[in-house]
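Coordinates in review
Letter by letter, the chains look like this.
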Amino acid sequence: MIISFISLKGGVGKTTLSINLGAYLKKFYNYKVLLIDTNGKYSQNLFYLKENNFYGNRLWNDIKITPFYHLKIIDRLPETYINDINYLKRVYDIIIFDVFPNPELIIDISRISDIIFLVINPDFYSLYVNRKLYNYLEKDKVKIVVNKYDKSLDLDFISEVFEKDVYCAIPMNKDLSIFQYKYAPISFYNEKSKALNYIDQLSYLVTGKRIKKGIFSKIFG
Amino acid sequence: MIKIERENESFTTLDGQKLYGIQDLIIWLYNCSDYDFKYHNDRKDFYNWIYYSLNERDLAEKIININNKIDLIKILDDFMKSLEIYNKKKISDEEAEVEFIKYI
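Nothing here was measured: the structure is a model prediction, and the numbers come from that model.

Overview of the overall build of chain A
From N to C terminus, chain A includes eight helices and eight strands. Since a compact globule built from 221 residues should have a radius of gyration of about 17 Å, the 17 Å found for chain A is in line with a globular shape. Judged by the C-alpha coordinates and their principal axes, chain A covers about 50 × 35 × 30 Å. The burial tally for chain A puts 57% of its 221 residues in the buried class. Sequence separation of 24 or more characterises 71% of the internal contacts of chain A that already satisfy a separation of 6 or more. Of the charged side chains in chain A, 31 are positive and 23 negative, and the gap between their average positions amounts to 6 Å.

Given below as structure tokens:
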């Protein structure tokens, strides 16, 4: 399965969510996960690596092994990317793309994705540019994720703009802000973090299961 | 080492792919034809590369008599999984800031 995290606006939390979803699927479901980070030399994932030599020009060359997921950092898609993805699909259960906010890159990757998380923040600019982007995407694959949600924009309003329900609204959360300082995704240093309830909701589309249930689900089943 | 230190130590396969480490080899094995596998395996190419270029002598000895692609993948996979062990390290916020400065 191929999942992509996209947004035409930077800083919305795509990398944070892709890192934590990848690690969550590895930790709790033991999936073979490959995270393809298209942010190149600006990648946050460089924090987890001890060496920064990159060899090869194929997507499946020189994949880095971390305890949380396997990792490939690129600054552009190679021309062979469709063949390379077919290679990788035979090895990995889940391939997650963290997509740099470049329109061509987003369109190319969204075409090969099974699930597209369109990540927005509750501000008008984020809504505006991503609504424009949404017109070019296969809408059936898209799930709207409102990250850093602070109720400044009503979720119903956001749903109206996209003519689609918001799949997940993730409030500001300390763990999602500071996990980089722990040098590990949240699942690997704090299994009880409330942030994982939201990651679990994202993972539900992959696994069909919920591990982290809300309090009403726990009481009423 | 799980990958080469110099680009000229890469392994070039019969079908023209360049492999830079054990993970590349695993992915190639998943996708290669039986003919390509047999060609390299019969010549001990995998053994020689892992032994001499990657200096993983114990691993090379484990695969020397393997003639089956699936068994080879399993041995290499198990080897790579042993590298995925996470050692939880407690660091204070001050230590984290010092570490962070090094990146800048």
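Some words on the overall build of chain B
In terms of regular secondary structure, chain B is built from six helices and two strands. Secondary structure of chain B in N-to-C order comes out as β-β-α-α-α-α-α-α. Computed over the C-alpha atoms, the radius of gyration of chain B is 18 Å, more than 25% above the 13 Å expected from 2.2 N^0.38 for a compact globule of 104 residues. Projecting the C-alpha coordinates of chain B onto the three principal axes gives extents of approximately 55 × 25 × 25 Å. Here chain B holds 104 residues, and 44% of them are scored as buried. As displayed, chain B has an accessible area near 6,400 Å², and 50% of this comes from carbon and sulfur atoms. Across chain B, the centroid of the 15 positively charged side chains sits 2 Å from that of the 21 negatively charged ones.

Looking at the interface of chain B and chain A
Taken together, the contacts link 29 residues of chain B with 31 residues of chain A. Taken over both partners, the interface formed by chain B and chain A buries close to 2,600 Å², and the fraction arising from carbon and sulfur atoms is 57%. Here chain B is connected to chain A by three salt bridges. We note a salt bridge from Lys32 of chain A to Asp77 of chain B, for which the minimum N-O separation is 3.1 Å. Seen at the junction of chain B and chain A, the total is 14 residue pairs in polar contact (both at pLDDT 80 or more). Counting only elements with at least two residues in the side of chain B that touches chain A, the list comes to β2 (18-19), α1 (22-31), α5 (69-81) and α6 (93-103) of chain B. Ranked by the residues each element gives to the side of chain B that touches chain A, the list is headed by α1 of chain B, at six residues. In terms of residue class, the side of chain B that touches chain A is made up of 14 nonpolar, three polar and 12 charged.

As for a negative patch on the surface
Judged by side-chain charge, Asp154, Asp156, Glu160 and Asp165 of chain A come together as a negatively charged surface patch. Along the chain, the position of Asp165 of chain A falls in the loop between α5 (155-162) and β8 (166-171).

A word on the nonpolar core
Leu88 of chain A together with Leu29 of chain B are the most contacted members of the largest nonpolar core, which has 66 residues in total. The dominant element in this core, judged by the number of residues it contributes, is α1 of chain B, at six residues. Among all residues touching Leu88 of chain A, those that are not within four sequence positions of it are Leu34, Ile36, Leu59, Trp60, Ile63 and Ile95 of chain A together with Ile27 of chain B. Grouped together as the second largest cluster of nonpolar side chains are 38 residues, Phe5, Ala23, Phe68 and Tyr189 of chain A included.

Comments concerning the sheet that holds strand β3 (residues 64-65) of chain A
Residue and element names in this part refer to chain A. Taken in spatial order, the eight strands make up an open sheet running β3-β4-β2-β5-β1-β6-β7-β8, and their pairing is mixed. Looking at the sheet topology across the chains shown, the edges are occupied by β3 and β8. Direction of pairing for strand β2 (residues 33-37) relative to strand β5 (residues 94-98): parallel, over a ladder of five bridges. From the neighbouring strand, Leu34 faces β5, where its bridge partner is Ile95.

Concerning helix α1 (residues 14-29) of chain A
Between its first and last C-alpha atoms α1 of chain A spans 22 Å; for 16 residues at 1.5 Å apiece the expected length is 22 Å, and the two agree. In terms of burial, α1 of chain A is a largely internal element, 14 of the 16 residues being buried.

Some points on the packing of aromatic side chains
In this description, a pair of aromatic rings is defined by centroid distance and the angle of the planes. Scanning the model with the defined rule gives 15 aromatic pairs over all chains in all. For the ring pair Tyr24 of chain A and Phe28 of chain A, a centre distance of 4.7 Å and an interplane angle of 50° mean the geometry is tilted. A residue pair is termed a helical-turn pair when its members lie 3 or 4 positions apart in one helix, as Tyr24 of chain A and Phe28 of chain A do in helix α1 at four residues. On the accessibility criterion, Phe28 of chain A (24% relative accessible area) is partly exposed. A centroid spacing of 5.7 Å and a plane angle of 15° characterise the contact between Phe11 of chain B and Phe46 of chain B, whose relative ring orientation is stacked. You can see Phe11 of chain B sitting in strand β1 (residues 11-12) and its partner Phe46 of chain B sitting in helix α3 (residues 45-53), a full 35 residues away along the chain. You can call Phe46 of chain B buried: its relative accessible area is 1%. The lysine or arginine in question, Lys27 of chain A, covers the ring of Phe28 of chain A, its NZ or CZ lying 5.7 Å from the ring centre.

Parameters and conventions
- Residues numbered from 1 in each chain as written.
- Chains lettered and ligands numbered in written order.
- Predicted model: local features only at pLDDT ≥ 70, side-chain atom pairs only at ≥ 80, totals over all residues.
- Heavy atoms only, no water.
- Helix = DSSP H or I, 4+ residues; strand = E, 2+ residues; numbered from the N terminus.
- Rg over C-alpha atoms; globule rule 2.2 N^0.38 Å.
- Buried < 20%, exposed > 50% of the residue type's maximum accessible area, 1.4 Å probe, protein only.
- Contact = heavy atoms within 4.5 Å.
- Lys, Arg positive; Asp, Glu negative; His and termini not counted.
- Charge placed at Lys NZ, Arg CZ, Asp CG, Glu CD.
- Areas by Shrake-Rupley, 256 points an atom, 1.4 Å probe, with all protein chains shown as cover.
- Buried area = accessible area lost by both parts, 1.4 Å probe.
- Salt bridge = Lys/Arg side-chain N within 4 Å of Asp/Glu carboxyl O.
- Polar contact = N/O pair within 3.5 Å; in protein donor to acceptor, adjacent residues only side chain to side chain.
- Nonpolar A, V, L, I, M, F, W, Y, C, P; charged D, E, K, R; others polar.
- Patch = residues over 30% accessible without salt bridge, like charges linked within 9 Å, V, L, I, M, F, W, Y side chains within 5 Å.
- Core = buried A, V, L, I, M, F, W, Y, C linked by side-chain atoms within 4.5 Å.
- Pairing = 2+ DSSP bridges.
- Expected span 1.5 Å × (residues − 1).
- Phe/Tyr/Trp six-rings, centres within 6.5 Å; stacked < 30°, edge-to-face > 60°.
- Lys NZ or Arg CZ within 6 Å of the ring centre and 35° of its normal.

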